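Listed here are the chains, written in short residue letters.
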Amino acid sequence: MPTSTPEEPLPSRRQLRAQQAAAEAAAEQAAAEESQAAPHPATVATDGALVPPWASESGVPTTVGTDFRTAHESGDSGRGRADLRSLLADEPPREKRSHKGAWGCLIVMVVLAALVAGGYFFLKGPISQIIAATQGPADFTTEEAASGEDIVVMIHGGDGGSDIASTLVDQGVVKSFDAFYTLLLQATPEPIFQPGAYQLKTKMVASTALDALLADGTRLSQAVVVPEGTAAVAVLQSISEGTDIPLADLQAAAANVGSFGLPPEATTLEGFLFPATYTFSPGDTAQVVLQAMVDRQYEALDSAGVAVADRWSTIVLASLIQREAGVSDDFYKVSRVFLNRLDPAQWESGLLQSDATVAYGTGKTHLVTTTNAERGDAGNPYNTYVHPGMLVGPISNPGDVAIDAALHPADGSWLFFVTVNLDTRETVFSTTVVEHDAAVLVWQNWMREHPEYG
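Residues numbered from 1 in each chain as written. Predicted model: local features only at pLDDT ≥ 70, side-chain atom pairs only at ≥ 80, totals over all residues. Heavy atoms only, no water.

Novice: How do you make sense of the packing of helix α10 (residues 247-255) against helix α11 (residues 286-303) when you look at a structure like this?
Specialist: When two helices pack together, their arrangement is given by the angle between their axes and by how far apart the axes lie. Between α10 and α11, the shortest axis-to-axis distance is 9 Å and the interhelical angle comes to 60 degrees. When the axis of α10 is compared with that of α11, the two are oblique. Like other packed secondary-structure pairs, α10 and α11 cross with a definite hand, here right-handed. Across the interface between the two elements, Asp249, Leu250, Ala253 and Ala254 from α10 touch Ala286, Gln287 and Leu290 from α11. (Axes fitted to C-alpha atoms, helices over the stretch in contact; angles between N-to-C directions. Helix = DSSP H or I, 4+ residues; strand = E, 2+ residues; numbered from the N terminus. Parallel < 35°, antiparallel > 145°, perpendicular 65-115°, else oblique. Left-handed = near helix turned anticlockwise from the far one by under 90°. Contact = heavy atoms within 4.5 Å.)

Right under this line is the structure:
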């Protein structure tokens, strides 16, 4: 096995310090002796040139400091290593790298990120308002308008600009209320609209929709639009506005309930005037027009598989679902809630507690909100907060989806529901009172923010 000659042991730190002190003392003594024998630092050379004090006799500057390489190669390797260690020992200790600076930078970055995020959410509303103000109200583009479909829209007598704007938004004709209403406010002279049915398209640019409503030929003759959930009193008004039939003639014909072949329980035409778009011929009488709507409702009931004996009960429940439900998917849940409340095992009181029924009984057929006094009025036969069991009669004219929901309710144990957003028709369904009360608070807060819904 190869061997190596061991190096001379390195001196201790104490020995190094002693050696260093001795070397310094010897250097000082030699310097003193040299200074006594040496001439003035700036000596005149033989050629008359001045030699600087830091130059060697050869004229080359001497090196200040220690050349570690030269010391190591001097032939005394142990001594060179000792000198090196001595110098290293005299160096001040290196400072340990602190992590406090890194943590500080991280904290600063986190705080800045939080401030940016908070500023974004705080300024999101104002920024959106500024953008909306500069860009104007939301409106369909000409590209979107190209994919619009035909639609007939009804304008009623007494409708103001805001009513018409709301109708156009609901029917998908214009993209936003402001897009159309702003044009009305800017128009000079003020536009005048004739009641009746108008042939329009969905996804129209607001200015195009306004021009179409004012153009000749857009208003249809002898045409009537009846939306789902419309009460009979409003249907008669629409017929009068869309045809040449006087309202008084329609009211007189509707009062003759027995002439339309309705179920024996019916005392009005409510519930049996199917919601659809109708076109009549000039000269059609009130009886002919109303009978056409009744026949269309019977057609819908027959298509859904409703037996003649069940027409009345189906229409009553469907009319309630139509007024209370928001979107199509909720119709089936609303149906289940009311059927659960009619089950004594699940709902002992048997009270349906529907505000829409109370409002209908007060004559406010367009509302679904009521007051404490109205809900406590036992003289209102449609007050389901007081009178248990199923309604005494329909409260609107239901369409196909409501009829189907009455026949095929969803499975569930819900006993409560409340529409928490009347714009989107978002509805929360609950099984317990605690869940329902929490949802009611959401609805009440929404109503406070939207007083226009009264």
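What follows continues from the structure just given.
Novice: How should the pattern of salt bridges be read in this particular structure?
Specialist: Think of it this way: side chains of opposite charge can pair up when their charged atoms draw near. A full pass over the atoms with the stated rule returns four salt bridges. The salt bridge partner of Asp302 is Arg311, with a shortest N-O separation of 3.3 Å. Residue Asp302 is classed as partly exposed on the basis of its relative accessible area, which comes to 45%. A salt bridge links Lys364 to Glu374, with the nearest nitrogen and oxygen atoms 3.0 Å apart. Here the residue Lys364 occupies a position in the loop between α14 (355-362) and α15 (372-375), and Glu374 occupies one in helix α15, the gap between them amounting to 10 residues. (Salt bridge = Lys/Arg side-chain N within 4 Å of Asp/Glu carboxyl O. Buried < 20%, exposed > 50% of the residue type's maximum accessible area, 1.4 Å probe, protein only.)

Novice: Teacher, can you tell me more about the side chain of Arg323 here?
Specialist: Relative to the elements of secondary structure, Arg323 occurs in helix α12 (residues 311-324). Of the buried charged residues, Arg323 lacks a salt bridge, with Glu324 as the closest side chain of opposite charge at 8.0 Å. (Lys, Arg positive; Asp, Glu negative; His and termini not counted.)

Novice: Teacher, can you tell me more about the sheet that holds strand β5 (residues 219-220) here?
Specialist: Two pairing modes exist for strands in a sheet, parallel and antiparallel, and in both the strands are linked by backbone hydrogen bonds. The antiparallel open sheet is built from three strands, whose spatial order is β3-β4-β5. Two strands lie at the open edges of the sheet, namely β3 (150-155) and β5, each paired on one side alone. Bridge count for strand β4 (residues 196-201) against β5 is two bridges, and the pairing is antiparallel. Note on β5: the bridge partner recorded for Tyr198 is Arg219. (Pairing = 2+ DSSP bridges.)

Novice: Sorry, what's going on with the nonpolar core here?
Specialist: The tendency in soluble globular proteins is for nonpolar side chains to be buried as a group. Counting residues in each nonpolar core, the largest one holds 56 residues, and the members touching the most others are Ile239, Leu262, Leu269, Leu273, Leu290, Met293 and Ile321. Put simply, the parts of the chain that give this core at least two residues each are α9 (232-242), α10, α11, α12, α13 (328-341), α14 and α16 (400-407). Looking at which element gives the most residues to this core, the answer is α11, with eight residues. If we ignore the near neighbours within four places in the chain, the residues touching Leu273 are Ala232, Val235, Leu290, Met293, Val294 and Asn397. Ranked by size, the runner-up nonpolar core spans 18 residues in total, among them Ile151, Leu168, Val174 and Leu210. (Core = buried A, V, L, I, M, F, W, Y, C linked by side-chain atoms within 4.5 Å.)

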